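These are the residues of each chain, in order.
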Amino acid sequence: MILYPQLIMNALATVTYAGTKKNLVESEMVADQPTVARQENGSWKVSVVLEFPRETDPFLKSTVKSAEAAIKYHCTQAAEAAGEQLEAIEVEVKTEFKSKPRPKGDELLPGVKNIIAVSSGKGGVGKSTVSANLAIALARLGYKVGLLDCDIFGPSMPKMFHVEEERPYAVKVDGRDLICPIEAYGVKMLSIGFFVSPETATLWRGGMATSALKQLIADADWGELDYFILDTPPGTSDIHLTLLQTLAITGAVIVSTPQQVALADARKGIDMYRNEKVNVPILGLIENMAWFTPAELPENRYYIFGKEGCKQLAEEMQVPLLAQIPLVQSICDSGDKGEPAALSSETATGLAFINLAQSVVTVVNKRNREQPKTKIVGVKE
């Protein structure tokens, strides 16, 4: 019995690739002509090269196993049809990838100068509002800014930027297929909210969430950025660990309201970044909802959640207090409308966010002058 390449191609034509719902030949995944060789001991060796879209293809292992099984089966059937006995057969399926391997470490985002994590120990303190307005304010100051919504289970940036209907598309960059971020108000932005239904809960295990986050970081065309803002979810979780293991974060800013229950969680957030295995500098604290000012009484201040709690914590932790953002109706309204307050410096809140951006620029420059570059955390998952 003599085996030949077309017999191998016929076998591969019976294997369906789940990524395209077509067989391997129709999907143009057979990179080279299969080779068939008779070995000294009389056995046959078949070599095939399959080309997959990317190294992390979820169907890779199952497709390779199916291809191996199909080749052995068809060769055996062909021998039986010819009334001959097929000697032992060895099948080797090699894999190649259309996209270049994903870069790692310092090569991951070579065009990004500063990576700022906006964090809070507690939910509901307005961290995403601060992240959105900080990014816009930095852009208004003339900087190139990117914003990543790291909250996989509760993404809010598409709505805050009024781009819920936008859908990112892929671009080819240096041989890799990359996601092109959505741009609004001068800020490049990505969120899992662009890829899932806003009415459907994201029921993912931790591994799926962290994998999606890595794709938004590594498989996106972020380009040249002065500041890359990470809007992290509340607390200290898998998402935070993934960010620390993936990116060399320049520094973190902690958002809290003045009340003690929020400050207690803010301490935990500070402790996470100051952990000796993490060692990410704390750039400062932001006191959100510092006081309430009604529109009809713009000079009045009502300390609903306590007075200067973050200021006291900043002094205790020996870090700067970057800003005190008042609680006013317009911040909520502008966020819901997709027109963040930082778009206007004529209002008190808009001016507050512009001042915050200037403070962040100052502390980042000071940090870069006086401290070494942050290293990626080497912790096994």
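Above this note sits the structure.
Caption draft 1: Region of interest: the sheet that holds strand S3 (residues 35-38). The sheet built from 3 strands is open, its strands ordered S3-S4-S5 with mixed pairing. Each end of this open sheet is capped by a strand with a single partner; those strands are S3 and strand S5 (89-97). Each strand of the sheet is rotated relative to its neighbour by a mean of 20°, with strand direction disregarded. Note: strand S4 (residues 44-52) against S5, 9 bridges, orientation parallel. By the bridge assignment for S5, Lys45 is matched with Glu90. Across the sheet, helix H2 (residues 60-81) touches S4 and S5, and the angle it forms with S5 is around 145°.

Caption draft 2: Structural view of helix H10 (residues 348-370). Compared with the 33 Å implied by 1.5 Å per residue over 23 residues, the 33 Å span of H10 between its first and last C-alpha is a close match. By the burial criterion, the buried members of H10 are Thr349, Gly350, Ala352, Phe353, Ile354, Leu356, Ala357, Val360, Val361, Val363, Val364 and Arg367.

Caption draft 3: View of the sheet that holds strand S7 (residues 145-149). The strand order across the open sheet formed by 8 strands is S10-S11-S7-S12-S6-S13-S14-S15, and the pairing between neighbours is mixed. On the outer flanks of this sheet lie strand S10 (182-184) and strand S15 (321-327), each paired with one strand and no other. This sheet shows a mean twist of 25° between the axes of neighbouring strands, independent of strand direction. One ladder, built from 5 bridges, connects S7 with strand S11 (residues 187-191); its direction is parallel. Paired with Asp149 across the two strands is Ser191, which belongs to S11.

Caption draft 4: Looking closely at the nonpolar core. In terms of nonpolar packing, the biggest core is built from 87 residues, with Leu148, Phe161, Phe228, Ile229 and Leu247 touching the most fellow members. Here this core takes 9 residues from H10, the largest share from any one element. Beyond its immediate chain neighbours, meaning those up to four positions away, Phe161 contacts Ala132, Ile136, Leu147, Ala184, Tyr185, Val187, Met189 and Gly338. With 26 residues, the next largest nonpolar core counts Met9, Val15, Leu24 and Met29 among its residues.

Caption draft 5: Just the environment of Gly378, in detail. With respect to the helices, strands and loops of the structure, Gly378 is situated in the segment after H10. Since its relative accessible area comes to 80%, Gly378 is described here as exposed. It is 24 Å that separates the C-alpha atoms of Gly378 and Tyr227, two residues lying 151 residues apart in sequence.

Caption draft 6: The arrangement of the pattern of salt bridges in detail. Counted according to the given criterion, the structure contains 7 salt bridges. A salt bridge links Glu92 to Lys45, with the nearest nitrogen and oxygen atoms 3.9 Å apart. Placement of Glu92 in strand S5 and of Lys45 in strand S4 is noted, with a sequence separation of 47 residues between them. Take Lys45: its relative accessible area is 27%, and that puts it in the partly exposed class. For Lys268, the salt bridge identified is with Asp265, shortest N-O distance 3.8 Å. One end of the pair, Lys268, and the other, Asp265, are both in helix H7 (residues 260-274), 3 residues apart, so they sit about a helical turn from each other. Residue classification places Lys268 among the exposed residues on the basis of a relative accessible area of 55%.

Caption draft 7: Up close: the packing of helix H5 (residues 206-218) against helix H6 (residues 238-246). Running from N to C, H5 and H6 point in directions that differ by 40°, and their axes come no closer than 10 Å. Taken together, the axes of H5 and H6 lie oblique to each other. The crossing of H5 and H6 is right-handed. Where H5 abuts H6, its residues Gly206, Ala209, Thr210, Leu213, Lys214 and Ile217 lie against Asp238, Ile239, Thr242, Leu243 and Thr246. For the contact of H5 with H6, the residue count by class is 5 nonpolar, 4 polar and 2 charged.

Scoring rules and cut-offs
- Residues numbered from 1 in each chain as written.
- Predicted model: local features only at pLDDT ≥ 70, side-chain atom pairs only at ≥ 80, totals over all residues.
- Heavy atoms only, no water.
- Pairing = 2+ DSSP bridges.
- Helix = DSSP H or I, 4+ residues; strand = E, 2+ residues; numbered from the N terminus.
- Axes fitted to C-alpha atoms, helices over the stretch in contact; angles between N-to-C directions.
- Contact = heavy atoms within 4.5 Å.
- Expected span 1.5 Å × (residues − 1).
- Buried < 20%, exposed > 50% of the residue type's maximum accessible area, 1.4 Å probe, protein only.
- Core = buried A, V, L, I, M, F, W, Y, C linked by side-chain atoms within 4.5 Å.
- Salt bridge = Lys/Arg side-chain N within 4 Å of Asp/Glu carboxyl O.
- Parallel < 35°, antiparallel > 145°, perpendicular 65-115°, else oblique.
- Left-handed = near helix turned anticlockwise from the far one by under 90°.
- Nonpolar A, V, L, I, M, F, W, Y, C, P; charged D, E, K, R; others polar.

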